[in-house]
Amino acid sequence: MAYIKLLKAESRYVRHVYFIDGAVGQGRANRRDDVLLVQFFLKALSKRSEVESGESYQPPGQREIQVDGVYGPATTAFIRHFQGVIDRAATGPAFRPWQDGIVDPVPPGGTFGAVHGGVYTMISLNLAYSSLYGKDAHSRIFSDPFLPQELAAAFFI
C-alpha cells in the first residue's frame, strides 16, 4: 500500500516522501495503489517538457501514461526511460539508480539498494518531482490534478 513517510528532519529537497509497500514491475506484486503512485509520478514528470540534461521524462514514441493502477507495457517503458534519464543526469555513481525497469519498496533507513548499490527509483521519483515542481508542491501533491482521488484517500485513512 502506498504511504507517506515523515522525515525526522526536513531535508533540503523534501519534507516527507511517498513510498510503496510492494514492488512495481514485471513479475512483481503490482498492488493497485503502489502502481497508481508510480504512474502518478511518471505522468506528472512527463508533463514537464525537459529536465536539466535537456532530456524529457516522456519516452520517445510513447503515448501519455495512464494513471489507472494497472501495470503493463507502458508503465514498464516509462519506468525504464525514467531510470535512464536519471542515470545520465547523475553527477556520480552514488546518485545512479539501478536500471531494471522495477520500482522497489525502500526498506526502513534505506536510500541505496543493498545488492545493487543504486539509489532506489522511488527516492528518485520523489526528488525529481520536488526538483521540477518545488518542495512545497511535493508536500501538497494532493492538489496535483494528476493524483487520483482514490490514491489521495488511501493516504488518509
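In this text the structure is predicted, and so the values were computed from the model without any measurement.

Draft legend 1. Broad picture of the pattern of salt bridges. On inspection of all chains with the given rule, the structure shows five salt bridges. When the shortest N-O distance is used, the salt bridge between arginine 32 and glutamate 150 registers 2.7 Å. One end of the pair, arginine 32, is in helix α1 (residues 32–47); the other, glutamate 150, is in helix α5 (residues 149–155), with 118 residues separating them in the sequence. Notably, a salt bridge pairs lysine 47 with glutamate 64, separated by 2.5 Å at the nearest N-O pair. Note that lysine 47 is positioned in helix α1 and glutamate 64 in the loop between α1 and α2 (73–89), a separation of 17 residues in sequence. Using a relative accessible area of 35% as the deciding quantity, one classes glutamate 64 as partly exposed. Each of Lys43, Lys47 and Glu64 takes part in one network of salt bridges that share partners.

Draft legend 2. Spotlight on the side chain of threonine 75. Within the secondary structure, threonine 75 sits in helix α2. The buried category is assigned to threonine 75, whose relative accessible area is 2%.

Draft legend 3. Local environment of the confidence of the model for the protein chain. Summarising the model, the protein chain shows a mean pLDDT of 85, and 83% of its residues fall at 70 or more. The secondary-structure element of the protein chain with the lowest mean pLDDT is strand β1 (residues 3–6), recorded at 68, while α1 shows the highest, at 95.

Draft legend 4. View of the packing of α1 against α2. Two elements in contact, α1 and α2, have axes whose closest approach is 10 Å; the angle formed by their N-to-C orientations is 60°. Here the hand of the crossing between α1 and α2 comes out left-handed. For the pair α1 and α2, contact is made by Val38, Gln39, Leu42, Leu45 and Ser46 and by Thr75, Phe78, Ile79 and Phe82, respectively. Within the contact of α1 with α2, the residues separate by chemical class into six nonpolar, three polar and no charged.

Draft legend 5. Structural view of the environment of glycine 27. Relative to the helices and strands, glycine 27 resides in the loop between β2 (16–19) and α1. Distance from glycine 27 to isoleucine 102, taken between C-alpha atoms, is 9.4 Å for residues 75 residues apart in sequence.

Draft legend 6. Geometry of α1. Taking 1.5 Å as the rise per residue, α1 with 16 residues should run 22 Å; its terminal C-alpha atoms sit 22 Å apart, in good agreement. Of all the 16 residues making up α1, 14 are buried; the element is thus mostly covered by neighbouring parts of the structure.

Draft legend 7. Quick look at α2. The end-to-end C-alpha separation of α2 is 24 Å, in line with the 24 Å expected for 17 residues at 1.5 Å each. Of all the positions in α2, only Thr75, Thr76, Phe78, Ile79, His81, Phe82, Gln83, Gly84, Val85, Ile86 and Asp87 are classed as buried. Next to the buried residues of α2 lie α1 and α3 (121–133).

Draft legend 8. Spatial organisation of the packing of aromatic side chains. Scanning all chains against the criterion turns up seven aromatic pairs. Between the aromatic rings of phenylalanine 41 and tyrosine 129, the centroid separation amounts to 5.7 Å while the plane-to-plane angle is 70°, which identifies the pairing as edge-to-face. A residue pair is termed long-range when its members are at least 10 positions apart, and phenylalanine 41 in helix α1 and tyrosine 129 in helix α3 qualify at 88 residues. Neither phenylalanine 41 nor tyrosine 129 differs from the other in exposure class; each is buried. Ring geometry for tyrosine 129 against tyrosine 133: centres 4.6 Å apart, planes inclined by 25°, an arrangement best described as stacked.

Draft legend 9. Main features of the nonpolar core. Leu37, Val38, Met122 and Leu125 are the most contacted members of the largest nonpolar core, which has 39 residues in total. Tallying contributions element by element places α1 first for this core, with nine residues.

Rules of the game
Residues numbered from 1 in each chain as written. Predicted model: local features only at pLDDT ≥ 70, side-chain atom pairs only at ≥ 80, totals over all residues. Heavy atoms only, no water. Salt bridge = Lys/Arg side-chain N within 4 Å of Asp/Glu carboxyl O. Helix = DSSP H or I, 4+ residues; strand = E, 2+ residues; numbered from the N terminus. Buried < 20%, exposed > 50% of the residue type's maximum accessible area, 1.4 Å probe, protein only. pLDDT = per-residue confidence, 0-100. Axes fitted to C-alpha atoms, helices over the stretch in contact; angles between N-to-C directions. Left-handed = near helix turned anticlockwise from the far one by under 90°. Contact = heavy atoms within 4.5 Å. Nonpolar A, V, L, I, M, F, W, Y, C, P; charged D, E, K, R; others polar. Expected span 1.5 Å × (residues − 1). Phe/Tyr/Trp six-rings, centres within 6.5 Å; stacked < 30°, edge-to-face > 60°. Core = buried A, V, L, I, M, F, W, Y, C linked by side-chain atoms within 4.5 Å.

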